[in-house]
Amino acid sequence: MPSKRILEYPREEALLRKKSQPVRAFNRYIKNIIRDLKDTLKERPEGVGLAAVQINVHMQIFVVQLGAKPESEEKTGPVITIINPEVIEERAEDKGFDGCLSLPGLFGDTVRPHYLHIKGLNEWGKPFEQVFEGFDAVVIHHEIDHLNGVLFIDRITDPADLFTVKEDDDGKLIRVPVTIKK
Ligand SMILES: [Zn+2]
């Protein structure tokens, strides 16, 4: 059994805990935030979503990589922008892999809906309504959490579900349980 590792809690936690405000006017400022989010996500191939709160802008905007797979950098879909999301229906809850660019090196198994029907505004500020399924639903649910100041570690109920990864002697990635030092 690998020994338990202890990770430092992120210093920017207070900023991540602040709730985001709805976008009231779709203007150049909002377009610039969207571009920033997309550029930042592109620079982090291990990431599949990024909310404005993670770049310290407390507005209800996030970008997500569709068609991603858990624990893989393979991506098959576009990056889309979602503004002011409202959940119409969520169901098909299941436990699965979770991680966050704001909590580097930390991963967990969380329960999230795998069917998510939402409405909101798209990257051009136009209303849309769509159903997302599978890991796409999980990723969008994670980002909606960010808008409410919720982090994936809040959804960990069993401490054994929180872990970091390291390579074993054969180069295979293995899970190492962690404790967060507050
Ligand atoms: Zn996150």
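For the structure itself, look to the data block above.
Calculation rules
- Residues numbered from 1 in each chain as written.
- Predicted model: local features only at pLDDT ≥ 70, side-chain atom pairs only at ≥ 80, totals over all residues.
- Heavy atoms only, no water.
- Pairing = 2+ DSSP bridges.
- Helix = DSSP H or I, 4+ residues; strand = E, 2+ residues; numbered from the N terminus.
- Salt bridge = Lys/Arg side-chain N within 4 Å of Asp/Glu carboxyl O.

Undergrad: Whenever I open this one, the pairing of strand E6 (residues 127-133) confuses me. Can you help?
TA: Every regular strand shows the same layout, with side chains that alternate between the two sheet faces. The pairing of strand E5 (residues 107-121) with E6 spans 7 bridges and is classified as antiparallel. Directly across from His117, in E6, lies its bridge partner Val131. Turn length for the E5-E6 hairpin, with the two strands adjacent in sequence and antiparallel, is 5 residues, and the turn residue Gly125 shows positive phi of about 80°.

Undergrad: Is there a simple way to explain the pattern of salt bridges in this structure?
TA: Two side chains of opposite charge can pair, provided their charged atoms sit close to one another. Evaluated as defined, the whole model comprises 10 salt bridges. We note a salt bridge from Arg112 to Asp98, for which the minimum N-O separation is 2.7 Å. Of the two residues, Arg112 sits in strand E5 while Asp98 sits in strand E4 (residues 79-99), which places them 14 residues apart along the sequence. For Arg155, the salt bridge goes to Asp145, with nearest N and O atoms at 2.6 Å.

Undergrad: Explain the pairing of E4 to me, please; I cannot follow it from the model alone.
TA: Direction of pairing for strand E3 (residues 61-65) relative to E4: antiparallel, over a ladder of 5 bridges. Residue pairing across strands places Phe62 opposite Ile82, the latter belonging to E4. Pairing of E4 with E5 involves 13 bridges; the strand directions are antiparallel. What sits directly across from Lys95, in E5, is Val111.

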